[in-house]
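What follows is the residue order along each chain.
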Amino acid sequence: MNEIQTKLAESPVNSTSRNEAVPVISFVEYHADKPQSALDVASSVQSLVKEDGSGTKRQLTVLINNAGIMGKEKPLTMRVNLIGPVLLTLSLLPLLNFTTNDGKLNNVSAPTVINVGSSAHLRATQVIDNDIPLNENDSYIDNLPGIPDSDLSTYGQSKLALMQFSTLLRRWQPQSGNAVHIQDAHPGLVWTPLLRNHIGEKVTNTLQRSGLAKLIYKTPEEGAQSILASLDYAQRQSTASTDASSRQQLYFVNGKPCGYGAAKESRDIDASIQLWKEVIGPELKGVVSLPDGWGEG
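Residues numbered from 1 in each chain as written. Predicted model: local features only at pLDDT ≥ 70, side-chain atom pairs only at ≥ 80, totals over all residues. Heavy atoms only, no water.

Enquirer: What's the story with the overall build of the protein chain in this structure? I'm lost.
Expert: Scanning the protein chain for helices and strands turns up 9 helices and 5 strands. The buried share among the 297 residues of the protein chain stands at 48%. Counting only contacts in the protein chain whose residues sit at least 6 apart along the sequence, the fraction spanning at least 24 positions is 79%. Surface accessibility of the protein chain: about 15,200 Å² in total, with carbon and sulfur atoms responsible for 48%. (Helix = DSSP H or I, 4+ residues; strand = E, 2+ residues; numbered from the N terminus. Buried < 20%, exposed > 50% of the residue type's maximum accessible area, 1.4 Å probe, protein only. Contact = heavy atoms within 4.5 Å. Areas by Shrake-Rupley, 256 points an atom, 1.4 Å probe, with all protein chains shown as cover.)

Structural data, given as structure tokens:
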């Protein structure tokens, strides 16, 4: 994932015309399995958008949740791939859901959250395993088997869960001000250390020597551009409507919007609410303040 982040930082989105505010793009590494780490990041971002001596106020306009691991212990996989991004997003949502004095954005992008997805979510028909015994105050994640996720089943569930969180954000985010765009974007198969570490040195060397790696997988640069395509789309949509409920719920694959590419379970509001009540909510209780109206409707 770090290679994709590096290429995003080098992308043309960094450049603006002389008449536009110069964007500040930051990539932050944090321990996504530790709540305090995400809260520290949110606090740092908040300090960046405070007014400076000139009265200028920076605006947080884009959050790309790119944290991810695969093949590690199942509870750790769920915490890093789901709970970390959820906590960071909810902590920063008030900064994204801003309104200027005239109710319009000042030459900046439409506020957007991009949750980086994976086709692995298609392998998961549900997130919650009903065979895992739970008491009322138990953590679902802590009760997952503490074994390596060798078959990537938990990885797929975590990616489905992150898309279900996107569904909740679209339903429950505050509707005051400039409604935040919520995008799910799968960059395609990218030749990253994350992938290479999972498939192992022998397979990696075979793919590289045969040239198949270049045929099958994208470079980090191409992966980054695929993610940015969903951001471009969000900016164009913002000129049409600020009403979140009127926007299409699209899933970006290889840089193109194609709603058909997402599993139907990722858009299931009942399953998404169950995920919140049984998995996410208990992990965040007392950790982060939820937006007004969260969980209603």
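Enquirer: Help me understand the packing of helix 3 (residues 74-96) against helix 4 (residues 153-172), please; the structure alone is not making it clear to me.
Expert: Two numbers describe how helix 3 lies on helix 4: the axes approach to 8 Å, and their chain directions differ by 20 degrees. Comparing the axis directions of helix 3 and helix 4 gives the class roughly parallel. The interaxial crossing formed by helix 3 with helix 4 has right-handed handedness. Each of Lys74, Thr77, Met78, Asn81, Leu82, Pro85, Val86, Thr89, Leu90 and Leu93 in helix 3 lies in contact with helix 4, whose residues at this interface are Ser153, Thr154, Tyr155, Gln157, Ser158, Ala161, Leu162, Phe165 and Leu169. Considering only residue class, the contact of helix 3 with helix 4 consists of 11 nonpolar, 7 polar and 1 charged. (Axes fitted to C-alpha atoms, helices over the stretch in contact; angles between N-to-C directions. Parallel < 35°, antiparallel > 145°, perpendicular 65-115°, else oblique. Left-handed = near helix turned anticlockwise from the far one by under 90°. Nonpolar A, V, L, I, M, F, W, Y, C, P; charged D, E, K, R; others polar.)

Enquirer: Could you clarify how one ought to interpret helix 4 in this entry?
Expert: At 3.6 residues per turn, the α-helix brings residues three or four places apart onto the same side. With 20 residues, helix 4 should reach 28 Å at 1.5 Å per residue; the first-to-last C-alpha distance of 28 Å fits that figure. The buried count for helix 4 comes to 18 of 20 residues, which makes it a mostly enclosed element. (Expected span 1.5 Å × (residues − 1).)

Enquirer: What am I meant to see in helix 2 (residues 35-48) here?
Expert: For helix 2, which comprises 14 residues, the first-to-last C-alpha distance of 21 Å matches the rise-based estimate of 20 Å (1.5 Å per residue) to within 8%. Where helix 2 is concerned, the buried positions are Ser37, Ala38, Val41, Ala42 and Val45. Taken around the axis of helix 2, the buried residues stretch over an arc of 140 degrees, which confines them to a single face. Buried positions along helix 2 lie against helix 3. (Arc of directions from axis to C-beta.)

Enquirer: Where do I start with the packing of helix 2 against helix 3 in this structure?
Expert: Two elements in contact, helix 2 and helix 3, have axes whose closest approach is 9 Å; the angle formed by their N-to-C orientations is 25 degrees. Comparing the axis directions of helix 2 and helix 3 gives the class roughly parallel. In terms of crossing hand, the pair formed by helix 2 and helix 3 is right-handed. Here helix 2 contributes Pro35, Ala38, Leu39, Val41, Ala42, Val45 and Gln46 to the contact with helix 3, which in turn contributes Gly84, Leu87, Leu88, Ser91, Leu92 and Leu95. Classifying every residue of the contact of helix 2 with helix 3 gives 10 nonpolar, 3 polar and no charged.

Enquirer: I tried to follow the environment of Gln249 on my own but got confused; where do I start?
Expert: Its location among the elements puts Gln249 in the loop between helix 8 (220-238) and strand 4 (251-253). Placed 18 residues apart in sequence, Gln249 and Arg267 show a C-alpha to C-alpha distance of 8.6 Å. The residues touching Gln249, leaving out its near neighbours within four places in the chain, are Thr167, Arg170 and Arg267.

Enquirer: Just to check I follow, could you spell out the packing of aromatic side chains for this structure?
Expert: For any pair of aromatic rings, the description consists of the separation of the ring centres together with the inter-plane angle of the planes. Tallying each qualifying case throughout the model produces 3 aromatic pairs. Taking the centre distance of 5.0 Å and the plane angle of 40 degrees together, the rings of Trp191 and Tyr217 count as tilted. On the criterion of sequence distance, the pair formed by Trp191 in the loop between strand 3 (181-186) and helix 5 (193-199) and Tyr217 in the loop between helix 7 (212-216) and helix 8 is long-range, its members being 26 residues apart. Among the residues examined, Trp191 registers a relative accessible area of 12% and is labelled buried. We classify Tyr217 as buried; its relative accessible area is 17%. Relative to Trp294, the ring of Trp276 lies with its centre 5.5 Å away and its plane at 65 degrees, an arrangement referred to as edge-to-face. You can see Trp276 sitting in helix 9 (residues 269-284) and its partner Trp294 sitting in the segment after helix 9, a full 18 residues away along the chain. Aromatic rings pair up to connect Trp172, Trp276 and Trp294 into one cluster. (Phe/Tyr/Trp six-rings, centres within 6.5 Å; stacked < 30°, edge-to-face > 60°.)

Enquirer: Before we go on, may I ask you to explain the confidence of the model for the protein chain in this structure?
Expert: The predicted coordinates ought not to be read in detail in places where the model reports low pLDDT. Looking at the protein chain as a whole, the pLDDT averages 81, with 76% of positions reaching at least 70. Confidence, expressed as mean pLDDT per element, reaches its minimum in the protein chain at helix 1 (residues 2-9) with 56 and its maximum at helix 4 with 95. Low pLDDT (under 50) marks residues 13-22, which in the prediction has 13 contacts with non-local residues, meaning those over four places away or in another chain. Confidence drops under pLDDT 50 across residues 99-103; counting only partners more than four residues distant or on other chains, this segment forms 6 contacts. (pLDDT = per-residue confidence, 0-100.)

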